[in-house]
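This is what each chain is made of:
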Amino acid sequence: MNTLLLTSGLTKCFEPPEKVVDRVTFSVNRHEIFSLLGPSGCGKTTTLRMIAGFERPDEGDVILNNRKLTGGKTFVEPENRGIGFVFQDYALFPHLPVIRNVMFGLKNVPRKHREERALEILCMMGLREFRDRSPFELSGGQQQRVALARAIAPMPELILLDEPFSNLDAVLRQSTRDEIRTLLINAGMSALLVTHDQEEALSFADRIAVMNEGRIEQIGTPEEVYYRPRTRFVAQFLGTTNLIAAEAIGATALTEFGRVNLDRPATGRVTLSIRPEHLTIEKPEKHHSNYLGEIISKDFKGHDITYRVRIKARECLVHTGNRVNFHAGDRVHVRPLETAVVLEESNVPITGTKVAV
Amino acid sequence: MPAILVGISVLVPLLYLLLRAFEADSELSMELVFRYRNLELLYNTLLLALSTLLAGTLIALPMAWITTRSDIPGRKILTLLGVLPLAIPGYVMAYALLGFTGANGTVAMLFGIDLPRLSGFSGALTAISLYTFPYLYLNFRSALAGLDPSLEEVSRSLGYRPRVVFFRVVLPQLRPAYYAGALIIFLYVLGDFGAVSLMRFETFSYAIYLQYAASYDRVYAAWLALMLLTLTSTALVVEYRLLRGLFFHRIGSGNEKRANIIPLGHWKWPAYIFVTILVLLSIFLPLSTILYWMIEAFDAGQLAGLRQALSGSAMASAPAALLASALAVPLAYIGVRHPSRLTRGIERIAYLGYATPPLAFALSLIFFTLNAAPILYQTLSLLIVAYALHFLAEAIGPVRSSLYQASPRLEEAARSLGYGRLKAFFLATFPIMRNGLIVSAAFVFMSAMKELPITFLLAPVGYETLAVNVWSYTAEAMFAQAAPYALVILLFSTLFVGLLFAKEWTSR
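**Q** Account for the sheet that holds strand 14 (residues 279–282) of chain A, with residues named and values stated.
**A** Residues and elements named next belong to chain A. Taking strand neighbours across the sheet as the criterion, the five strands line up as 14-18-15-16-17 in an open arrangement whose pairing is antiparallel. Edge positions in the sheet fall to strand 14 and strand 17 (314–321), since each has one partner strand and no second. Strand after strand, the sheet turns through a mean of 40° between neighbouring axes, direction not considered. In this structure, strand 15 (residues 293–300) lies alongside strand 18 (residues 331–336), joined through two bridges in antiparallel fashion. Among the inter-strand pairings, G293 is bridged to a residue of strand 18, identified as V332.

Structural data, given as C-alpha cells:
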C-alpha cells in the first residue's frame, strides 16, 4: 500500500470527561500533502502533537510505514520517530546561527559533511546569504524557511507543520506557501499541515480532513469538501453558504425558490447547502410568481457582485458576475445553477435560511 | 527526583528540631515552654520587629514618593542612594554605630565629644532599620511608579484635593507592596543575629545563640528555635491572609500613562535635608567609620589574617553558589514546565529554607547531622550544604525567569530532530538559561560571603570567615581590627546590590 501514516481512534482528554480529540482516524499517503482543518480549539494541534510523540494519546494508534509508534504498550519517544516538526512560532534556537540551527538535526551525517549538507538545504531555500545570521536578525518569512530547512535537513519521510503560515502577513503568506509546497513535492516528502485557514487548506493540500470539537467530520480532496460538504459544519466552515430547510422527494426538493435538484436522493425534511456562487438571479417570468424575491442589498466587489435577496421572509446570498446587474428593491427570481447538497444530521430544526460568513 | 530530594533535605532537619525538643520529659518541656523569659523574648522580638517596620516605613515612603513623584533634580542618583544601604549588613552597621559613638568611638577621638554609646534596643533598631528600609523602599517605588495616574486624575475631577487623594486613593493601592516589603523586614528581624548580639538586645535569635554557645543547653535552644519558627510561620500566614484577594491591576484598557510629576517648589529643601540626613546615617557614617579605623590603626600584619578569612569565606561560598544554582535548575524546571499543586509545593519548600531564621535552621542541621551523619558535623561540606539550602530561594528566581524565556517548543524541536530528553534540555534550553544561572550563582555567592549566624554555628572550629571576624572583633570592641574585614564585606555586598539594581534597571 501507498499509506505512509495511519492514525486510528486517537483519543485524548486533558480534563475528563471532555475529549479534546475523539477517535480521530485518517491516513496520509506517500508524497501527499494532507491538511487538518478546523477552528481553534478543535483538537487539531493536539492530534499533530500526538503523532509527533509530544503527547501520549489515551487511546488509539499511530502507525508510520507499518511501524507502530503509539498504541497499546508501545510508545516510541519523539526523537526516535523520524518525523519532522515545524512549530507555529518556529522554535529556532536563539543561541545558534542559522547554519547551526539547520545542522542541529544532522547528527547521523558524518561531522565533516554536516555543514556542506546544511548549506545545500539553505541554498535550496534561498537562504544562503543568511547562514551566519542569528535568528533574531531574520524576518518572519525567513525564520519560517529556516524552521522548515531545519526540519527537512534530516530528510524525514513525513513533516508535520503546525499553523506554519499564521505568523506571516497576507502577501508573504501566499508566496511562502507556494514555495514550500514546491519544495516539499521536490523533496519527495509527505506533509501534514494543521491550519484554521480554509483558503490555505484548500490551496495547499491534496486532501483535507475537517475537524470540529475533536472529531473529523469529513475527509476529501479540496473540491470534494468544498462542493459536497457532508455536514452543516463543513459547509459553513469552508466559505460562505446558504443553508436551506426543504422537503425532499427523491431527486428533487421543494424550496423557497422553487424545485431544486439534489446531489443524492432523499425524502422528508432535509437541510440543503447551496453556495452563493451556485445561484444566480434573473428577471421574473410569469410562472415564477410563487417564488418571487426582493433584493435587499447589493455589494459590488469589482469582478463579482454579492446580492442579499429576501424570499418569503428568508434571506439568501447570491454571488454573480458583474454583468448581472440589478438594484436594491428589484423583484427577482433566484435560480440554482448546480445541484443542492443534502447535509447529514438534519434532525436539528432550521429556523431560517442561515447565512454563514 | 532531585527536586524531591531538595524538599526532603530542607524538611528533615526541621523534624530533628522537633525530636530534640521533645527529648525532654514532659514536665521539663512544660517548664521550658512556660518560662517567664520566653515572654520577655517574645516581647523584645516583636517590639524590635514592629519598631523596625515603623521606622522603615517612615524612611521608605517619603523617599519613594520623592524619587518617583516629585520633580526633585537627580532622582536617579537618589534612587541609587535609597538602595545602597542594602550593601551594609546589619552587623556591619552595628559595628559602625558602636565604633562611632562611646568613649573610644570616632566622635570622641576626633572631636572630643563623648556621645553615649548606642546599645540595646535603640542600637539594634537603628542598625537594622538603616539596613533594611531599602526593601520597603524598592517595593514602594515600583508600586508608586506602576499606579494608574488616571485614578488620581479622576479623584481630582470628583473634587478631592491632592493631599486627600494621596491618602484615600494612592495609599490604599500601595498595600500589596507594603505587605510584601513588611514581610521581608519582619522575617529579617526575626532571623537577625549579628546586630542584636552586638547591641546586646535579647531577642529569640540572640537567646538561641546564648543557650547553645554559652550554656550548651540544647533542649532549651531547640525549644526557642521552635518558638521562633512558630513566629515566622505566623508572619507568613498573616501575610498570605492579608494579600489574598488584593490584586490591584489596572482595570480596563487605554494607554499606559506615566505617573504625574508633582513640582515641589519650596518643599524641595526639606526633601533635600531629609535625603541628606538619611544618606549621612545610612551610608556615610558606616563608610567613614570603617575607613577611619582602617587608617587609624592600619597594620600590615593584618593582611595575612584578612587573606585567610577571605579564602575561608570564598571556599565555602563558591561551592555553595554552584550547588544552589544546580539545585535550582530542577526545582525551577518542574515548577515552570509541569505546574501543579505538587510542584508548586516543592518550590515553596525552597522558600521555607530561606524564611527559616538562620540560627534555627543551623541548629536543626546540627541536630540532624549529630543524629544521622556524625561524620559531617563540623565539616566544611555541611557549611556548604547549609548555605546552598538556605539561599536556594535566591537562586531560583533568576533561573526561573530565564527558563520562561526558553520556549518548551525548543526542546520539542530538538527531540523531533532526534535528541533524547536530557540531551534536548542541555542542547536547546540550557544555553538560554546560562545567564540566569550565572546571576543566581552570583547572588548566592555574595549572600554567603556576608552570612554570619549559619557560619557561626556550622563552621568547623577555628574556621575564619570575613563575617565571623567582623563580629568577634566588634564584640570585643576591637574596632580597628574589625575594619578591614568590614571593608571587604562592603565590597562584596556592593557588588550584590549592583547586580540587583542592574537586573531591576534592565527589566523595565
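**Q** Please give an account of the domain arrangement of chain B that cites residues and values.
**A** Residue and element names in this part refer to chain B. The domain boundaries assigned to chain B delineate domain 1 (1–25 + 301–508) and domain 2 (35–249 + 265–296). Taking only C-alpha atoms, the centre of domain 1 and the centre of domain 2 are 24 Å apart. Counting residues at the interface gives 34 residues for domain 1, matched by 36 residues for domain 2. Those elements that provide at least two residues to the side of domain 1 that touches domain 2 are helix 1 (2–21), helix 17 (358–372), helix 23 (466–475) and helix 24 (479–506). For the side of domain 1 that touches domain 2, the element with the highest residue contribution is helix 24, accounting for 14 residues. Each residue belonging to the side of domain 1 that touches domain 2 can be placed in one class, and the counts come to 26 nonpolar, five polar and three charged.

**Q** Any chance you could break down the sheet that holds strand 7 (residues 83–86) of chain A for me, citing the residues and the numbers?
**A** All names here are of chain A. Here we have six strands laid out as an open sheet, ordered 7-8-9-3-10-11, and mixed in their pairing. Two strands close off the open sheet at either side, each with one partner strand: strand 7 and strand 11 (215–220). The sheet shows a mean angle of 20° between the axes of neighbouring strands, taken without regard to direction. Direction of pairing for strand 10 (residues 207–212) relative to strand 11: antiparallel, over a ladder of five bridges. Looking at the pairing, V210 lines up with Q218 of strand 11. In the packing of helix 1 (residues 44–52) onto the sheet, the strands contacted are strand 3 (33–37), strand 7, strand 8 (158–162), strand 9 (190–195) and strand 10, and the crossing angle to strand 8 comes to about 150°.

Cut-off values and rules
Residues numbered from 1 in each chain as written. Chains lettered and ligands numbered in written order. Predicted model: local features only at pLDDT ≥ 70, side-chain atom pairs only at ≥ 80, totals over all residues. Pairing = 2+ DSSP bridges. Helix = DSSP H or I, 4+ residues; strand = E, 2+ residues; numbered from the N terminus. Axes fitted to C-alpha atoms, helices over the stretch in contact; angles between N-to-C directions. Domains from an automatic or database assignment. Contact = placed C-beta atoms within 7 Å. Nonpolar A, V, L, I, M, F, W, Y, C, P; charged D, E, K, R; others polar.

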